[in-house]
Each structure stands twice: as C-alpha cells, then as structure tokens.
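Descriptive analysis of the structure
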Amino acid sequence: MAFEDLSLAVQKGKSKQVKELVNAEIEKGTPVEEILNDGLIAPMGIVGENFKQNKIYVPEMLVAARAMSAGLKILEPLMTETGVKPVGTVVIGTVKGDLHDIGKNLVAMMMKGIGATVYDLGIDVPDADFVEKAEEVNADIVCISALLTTTMPAINDVIKEFEKSGVRDKYRIMVGGAPVNQAFADEIGADVYTSNAADAAENAKEYLTKKYA
Amino acid sequence: MSLTFDRLAYDSVDDFLYGVCPNPVKTKNGLVIGGGEMYPEVNFTLPPMNINKDTMPEIRSIYKEIIEGVLKKAYELHAPGLVIEFETLPEMTENPEWGLEIHKILKEAMNDYEAKYGLKSAIRMTPNDIREMSRPPVMRSGKYWEAMVKTFEGAAKDGADFLSVESTGGKEVNDEAIMNADLRTSIYALGCLASRDMKWLWKNITEIANANGAISAGDSACGFANTSMVLAEQGFIPKVYAAVMRALVTPRALVAIENGAIGPSKDCAYENVYLKAITGTPITLEGKSAACAHFSPIGNIALAVPDLWSNESVQQVKLLSGFAPVVSTEQLIYDCRLMNVAAKKGHAKLMRDLLVESDCYLDPQAYVLRPDIVFEISEEIVKTQDPFSRTLNTARRTLEILRRGLEKKELSIDERDVAWLDILEGQIEEIPEDEEEFIAEMKEEIPESKYNFSEYINEED
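Numbers given to residues run from 1 along each chain, matching the order in which its sequence is written. Each chain gets a letter, beginning with A, and each ligand a number, beginning with 1, in the order they are written. Since the coordinates come from a predicted model, pLDDT governs what is reported: local features require at least 70, and pairs of side-chain atoms require 80 or more to be given and counted, while whole-chain, interface and lining totals use all residues.

Within chain A one finds nine helices and five strands. Shown N-terminal to C-terminal, the secondary structure of chain A runs as helices and strands in the order α-α-α-α-β-α-β-α-β-α-β-α-β-α. Computation of the radius of gyration draws on C-alpha atoms alone. For the globule rule, the value is 2.2 Å times the number of residues to the power 0.38. For 213 residues, the compact-globule formula gives about 17 Å, and the C-alpha radius of gyration of chain A, at 18 Å, lands near that figure. With the C-alpha coordinates aligned to their principal axes, the bounding extent of chain A is approximately 55 × 35 × 25 Å. Burial is judged by counting other C-beta atoms within 10 Å of a residue's own C-beta: 20 or more means buried, 12 or fewer means exposed, and anything between counts as partly exposed, with every C-beta placed from the backbone. Expressed as a percentage of the 213 residues in chain A, the buried residues total 54%. We call two residues in contact whenever the C-beta atoms placed from their backbones are within 7 Å. Within chain A, contacts between residues at least 6 apart in sequence are counted, and of these 75% link residues at least 24 apart. By definition, any uninterrupted DSSP run of H or I lasting at least four residues is a helix, any uninterrupted run of E lasting at least two residues is a strand, and each is numbered from the N terminus.

See below:
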C-alpha cells in the first residue's frame, strides 16, 4: 500500500520518521498533493476515527498531529511552488472576559489535524481582533469559544463586529463552549455549532473540501 | 511564621468522619464548621447575560431574588445553618465595586434572616484569580492583583466570613500538560510554581483576613485537578492521569494552611480530603448534588468526610419546581439532614463507608479518595517538607496504589488506561530528586513566552 510507512509514522506520532519519509517521497518525485492528502491528512483521519471510537485519548492524537505538522512544514513551500491548494485557514479564540482555553486549544489542535492553517488568538480576545486577524490572513473559518454563561453573549458581540465591518458573509463562523447550544447559535446567527472538538474539525473538513473542490 | 505538618491530624482512620474535625472553625455569629454538624454551602451564578455598568441594576435585582429564595427555603426546611459562597465573575473582580455591591446585598439579606428568624449563616467571598488575564501572568503586581486585593479587603471589611480563591499560579504551564497527560510538567507546575505562588498568595490573603475580622479559609486546585477530571469524563485524557492529579495537587493545597488559612477549604477541591487528614481543618466538598454544574465519577464518595456540602454553582434559571438555586438549596439541606441524623444516632462511620464503597471500585479517581488510601497518600506527603519532593513522592505513591488496586482486582480501570499507567510511570522515572536540577531542566523545555519564572520567586528561594 502506498504511503503505508508514512501513514503509520503519523499515527504513532513519530515526527522524525515522518520528516524522513516525506523527504524520501519528494525525492522520488511523488506529487506534493498526493503526499499531503494520502500520506499526512488521511492517517490523521484514522487517528480522529480512533479517538471517536474511544480507542485513544487526546494526548495520542496530539502526538500524531505534531508528527503531521512536521511533515506539512516540509511540504508547505512546495505547495506554493506547485500551486497545490491549501486545506484552509482557521482563526480561533476565546471571547473577551473569558480566560478558558483548554477546549479552544483542543479545537485548534483538531483543526491542525485536518491540515488547516490555524491562527490561535488565545483567551480574552477583544471582538475587533477576530475581524482584524480573519481579514489579515484571509481566513475561511472563524471559531469563537466561551465557557461561562456570562461570557457567552460576547460571541454575539463578535458576530456583530463582523457585520459592522461589512465582512460577515466572507467567513464561516463556528461557535462552541460548555454553555453554548444550537438554539443559541441559531439565535445569534452563527453558521455552525458543534458540541465537541472532533465534530468541529469534521464539520470544517467537509466545508473546506467542498469550498476548495 | 508558617506551620509545618509532619504527621497526620488523626490517629485512626475510624475517626476520619464528616461534619467533625480536630480543628473546627467558628464564625463571628457562632456558626461552627467541623464542630459536629454538616451544613450546606450554596453557590449560584447569573443566567446568560452581559455584565457591564448598564446591566448592573438588573444584576443586583437577580442576586436579591436568588438570596431571598435560598434563605426562605433554608428557613422553611429548618436548616440548622447555611453557608453562601459568592464567587465573583471576572468582570466583578476587575471592577471591585460591582462585586462588593453584590456581596453587600447578599450579606444584608443573610443578616436580616438571622435577626428575624434566627437562621445562622456565613458568607464565603471568592474573587476570581484574574492575574492570569495577563499572558504570561503577572502574579504579584499590576491592575489585576490590585483589583483582587480591593475585593478581598472590601468584602472582609463588609462582613465576609471566609476568604477563598481558586488560584491559578502555575496553571499557564499546566494547561498544556493536561492536554498531553504530561505528569512531568504537571509536577513542575504544581511542585515548583504553584506552591511558590500559594505561599506568597496565602500570606497576603491571611494578612487581609486577620486585619479585617475575616477567616482565611482556603483554595482549590480547580483549574488543575477538576479540569483533568472533566476532560477525563469526556474521554479526552486518561482517568488514571486525572486520579494522580487529584492527589498531586495536595502539597500545593497544604501550602495555604502552612501560611495561615484555617478552613473551610473550597468546595471543588477534592484534594481537601488529604488536607483534612493532614491538618485537621474543616473542608467543603461537592459531588452528586453538584451535577447541576459538572458531572463526576465521585458523587457519593465526595460526601464521605466533608464538613460543608456544596452544589458548586448553579444558574438562576427556572425549573419546574422553582429557580435552580432554590432547588439546589433543598437538595443540599436534605443531604445534610440525613447525614446529621445518621451521625447523631452513632452511624457516621457506617454512612461514610457506604458512600465510599458505592463509588470507590468503579473509577480510579474515586479509588484514591477511599479513606484508608487518603491516609496512605497523606502519610507519604508528610514524610518530607518541601512541596517539590512532596509532589514527586505523591505521584509515585499514587501510581503504586493504582497499580496495586488493579493487581488485586479491586479497581476497575479501562484497558486503554492500563497502558497509560505504564506511560505515566515512565514519565516520572527520569525526574531528578534535586529541585534545582529539575527547575533547570524544565526552564530549558518550557518557553519563556508561556510563563515568567521570576513571578514565582519568594524571598526564601
């Protein structure tokens, strides 16, 4: 099977081996797009599936994501040269007044796992910073998180900031966090609500695949 | 001068019971915590809404409505006493006048109920640790620390009985360690960073409490151990890591007591059981009746030895019977009523053991809370005096205990968690016994952008 060794190296989180195998494929002349899709993104899909089936935990997934990133770093300059389309760009952050970042970090990690370029704004992020960064990096998706019932309304403020700037429709806005639910997402006009990091990444993957098909 | 603990506060695990402890705490109005009776501790929060100057009138009226409902229910159900925890929201700590205004509203209503109906109650003021709003955190100066001091001082002057906080020293390093189930970094965050911060922080809080007639009560490692518990519950990280974290935060918690806190320590600190075993101070816990705030695998065992029994927090939302804080109050009062009757009839140990046995074999996080195991881990902790070696030894002993429980087939651990026992044991094998050497190693590994070590240096270092 093609990329079997590379796939296993990604799944086991062996960064050094991933780098060696990616370089070997480049030297062999394997198309960059194939290495990216079949050698790096596909095994991360298997890792994600194993997580969903409760076979592994997040730390194992993180190790795999780091190994995948190591391979991706080698491919990135070649992708630009050869015109391979990027998977997509995600801007993520926790709203103003909220200091929680573990859930947000999980989503960021899972987004990296699908091959997206992720810009993590951190915690306690002012509304305007989401807009500014999304515009700066030409993002596809903006993920907004809140963990407190009292900071949840700030998600709406961020969306309003996008509207005020006249750029709301340029971005797919995904929302999440412990107190957030579908009804709230609908009420504030978010595009997507997911209850966990794995679903968020899956939803983003579907969207980006269609967008860049 | 700080206290030292080199032995347990109990001679026998049979005396380690709920509602009573060797060093009870008495409030200004005579409510004794740990003096023989277990009381409810009710916490509540706002429904989803913005907190700003414009919404403060509405916020004031919501808190008024909540406290009236809670006190009325406590009176109607003949609660022998009650503790209210007011845990501010970050905006209320950043703007101390807002938090203090709410504290005043709550305290006045409590005083009224005592004057009119004889309902004795006490209030715990818990400002947020907003020092982490600066990244990397600025721990000992700046606007966030000053706002916290104003809140502590203002509340103490205005009659707060207990001062508490869920402090976050070292959390900026531990957050990533949790995601990676990285015990080595957690030992650094807790044993080397958090413990140093606790020493400085609790000396300061105790000074404020003592100067203003309040009680320096205690902390919670919520952002460390409870975050681990919740993530383990969601299937994100191994339960065995969360179980080790539960015990691992104890040396950090002990520093608060060594530096002036006298209890009752905060509700979400399940490590309180080790603290009670070592220091004999009263503790609060939460379990099955805090499912309104978060799920846990320790719902019953958490009720085995506390002196106050809490709901963690609940929003002011309407349920079929009434508002959620009132519902919580009723649940806690009935829990405490049963526990107190059992104790009065001489069945406290039986009650404790039933609560323990119903949970302890089903999850490693419950197993480490079993009273005999609490004593075993606590004895390991008091063998040394410095937080780093205490933390490292706690990790080793807790892993040994989990391994032993598994081998004796008395503890249920998922197959994928068994593999993690090996991984965690491997992670701590290489940790040097010498703290300086360990700090030097970790300084190399953790980027300075994440934390500022100089914020953790005490005069004695």
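Relative orientation and spacing of two packed helices are given, respectively, by the angle between their axes and the distance between those axes. All names here are of chain B. Helix axes are fitted to C-alpha atoms over the stretch in contact, other axes to C-alpha atoms as well, and angles between N-to-C directions run from 0 to 180 degrees. Two elements in contact, helix H10 (residues 272-279) and helix H14 (residues 371-381), have axes separated by 9 Å at closest approach and are oriented at 65°. Handedness of the crossing formed by H10 with H14: right-handed. The residues of H14 that touch H10, namely those facing Val273, Tyr274, Ala277 and Ile278, are Val374, Phe375, Ile377, Ser378 and Ile381. Just so you know the grouping, Ala, Val, Leu, Ile, Met, Phe, Trp, Tyr, Cys and Pro go in nonpolar, Asp, Glu, Lys and Arg go in charged, and all remaining residues, Gly too, go in polar. In terms of residue class, the contact of H10 with H14 is made up of eight nonpolar, one polar and no charged. For any pair of crossing helices, the crossing counts as left-handed if the nearer helix is rotated counterclockwise from the farther one by less than a right angle, and right-handed if it is rotated clockwise.

Another aspect to go through is the sheet that holds strand S2 (residues 117-120) of chain A. Residues and elements named next belong to chain A. Strands were regarded as paired on the criterion that DSSP finds at least two bridges between them. Read from one edge to the other, the open sheet built from five strands follows the order S2-S1-S3-S4-S5, with strand pairing classed as parallel. Because the sheet does not close on itself, it has two edges, and the strands there are S2 and strand S5 (192-193). Strand direction decides the pairing type here: strand S1 (residues 89-94) and strand S3 (residues 141-145), joined by five bridges, are parallel. Within S3, the position partnered with Val91 by the bridge is Val142. In the packing of helix H6 (residues 127-137) onto the sheet, contacts are made with S1, S2 and S3, and the angle to S1 comes to roughly 165°.

A few words on the environment of Asp191 of chain A. All names here are of chain A. With respect to the helices and strands, Asp191 occurs in the loop between helix H8 (182-188) and S5. The spacing of Asp191 and Val142 is 49 residues in sequence and 10.0 Å in space, taken between C-alpha atoms. Contacts of Asp191, omitting those with residues within four sequence positions, involve Arg172, Ile173 and Met174.

The subject of this paragraph is the pairing of strand S7 (residues 215-219) of chain B. All names here are of chain B. A large share of S7 lies buried, amounting to five of its five residues. Note: strand S6 (residues 162-165) against S7, four bridges, orientation parallel. When the bridges of S7 are listed, Ser164 appears paired with Gly218.

Accessible area lost upon the coming together of the parts serves often as the stated size of an interface. Residues and elements named next belong to chain A. Residue ranges labeled as domains rest on an automatic or database domain assignment. According to the domain assignment, chain A consists of domain 1 (4-82) and domain 2 (89-211). Measuring from the centre of the C-alpha atoms in domain 1 to the corresponding centre in domain 2 gives 25 Å. On the side of domain 2, eight residues touch domain 1, which itself brings 14 residues to the contact. Of all the secondary structure elements, the ones that give two or more residues to the side of domain 1 that touches domain 2 are helix H3 (32-52) and helix H4 (58-82). Here the residues of the side of domain 1 that touches domain 2 are counted per class, giving eleven nonpolar, two polar and one charged.

Moving on: the pairing of strand S5 (residues 121-126) of chain B. Residues and elements named next belong to chain B. Most of S5 is tucked away, with six of its six residues classed as buried. Burial of the side chains of S5 extends over both faces: Ser121, Ile123 and Met125 are buried on one face and Ala122, Arg124 and Thr126 on the other. Two strands pair when backbone bridges link them, and strand S4 (residues 82-87) and S5 are joined in this way by six bridges, in the parallel orientation. Across the sheet, the residue bridging to Glu87 is Thr126, located in S5. For S5 and S6, the ladder comprises two bridges, and the chain directions are parallel. Across the sheet, Met125 pairs through a bridge with Leu163, a residue of S6. Seen with its strands pointing away from the viewer, a crossover is right-handed if its path from the first strand over the helix to the second goes clockwise. Taking the sense of rotation as the criterion, the β-α-β connection linking S5, helix H4 (residues 142-157) and S6 turns out right-handed.

Right, let's talk about the environment of Ala342 of chain B for a bit. All names here are of chain B. Its place among the elements puts Ala342 in helix H11 (residues 324-344). On the basis of neighbour count, Ala342 is assigned to the partly exposed category, with 19 C-beta atoms found within 10 Å. In this view, Ala342 contacts His347, Ala348 and Met351; residues no more than four positions away in its chain are not counted.

The next subject is the nonpolar core. For the purposes of this analysis, a nonpolar core is taken to be any set of buried Ala, Val, Leu, Ile, Met, Phe, Trp, Tyr and Cys residues that are connected through C-beta atoms within 7 Å. With 228 residues, the main nonpolar core has Leu163 and Val244 of chain B as its most contacted residues. Each of two domains, domain 1 (4-82) and domain 2 (89-211) of chain A, supplies a minimum of three residues to this core. Apart from the residues lying within four places of it in its own chain, the contact partners of Val244 of chain B are Leu183, Ala395, Thr398, Leu399 and Leu424 of chain B.

All names here are of chain A. Helix span, as expected, comes to 1.5 Å for every residue beyond the first. Across its 15 residues, helix H9 (residues 197-211) extends 21 Å between first and last C-alpha, which sits within 8% of the 21 Å expected from 1.5 Å per residue. Those residues of H9 that fall on the buried side of the exposure criterion are Ala197, Ala198, Ala200, Ala201, Ala204, Lys205 and Leu208. End-on view of H9: buried residues confined to an arc of 155°, all on one side of the axis. Residues of H9 that are exposed and angled more than 90 degrees away from the buried face: Glu206 and Lys210. Buried positions along H9 lie against H3, S1, helix H5 (102-113), S3 and strand S4 (172-176). As used here, the arc is the angular range of directions from the helix axis to the C-beta atoms.

Turning our attention to the sheet that holds strand S3 (residues 39-43) of chain B. Paired through their backbone hydrogen bonds, the strands of a sheet run either parallel or antiparallel. Residue and element names in this part refer to chain B. Read from one edge of the open sheet, seven strands run S7-S6-S5-S4-S3-S9-S8, paired in parallel fashion. Looking along the sheet, the strands with just one partner apiece sit at the ends: S7 and strand S8 (284-286). Each adjacent strand pair in this sheet contributes to an overall mean axis angle of 30°, direction not counted. Strand contacts of helix H6 (residues 183-211): S6 and S7, with the helix running at about 155° to S7, the strand carrying the most contacts.

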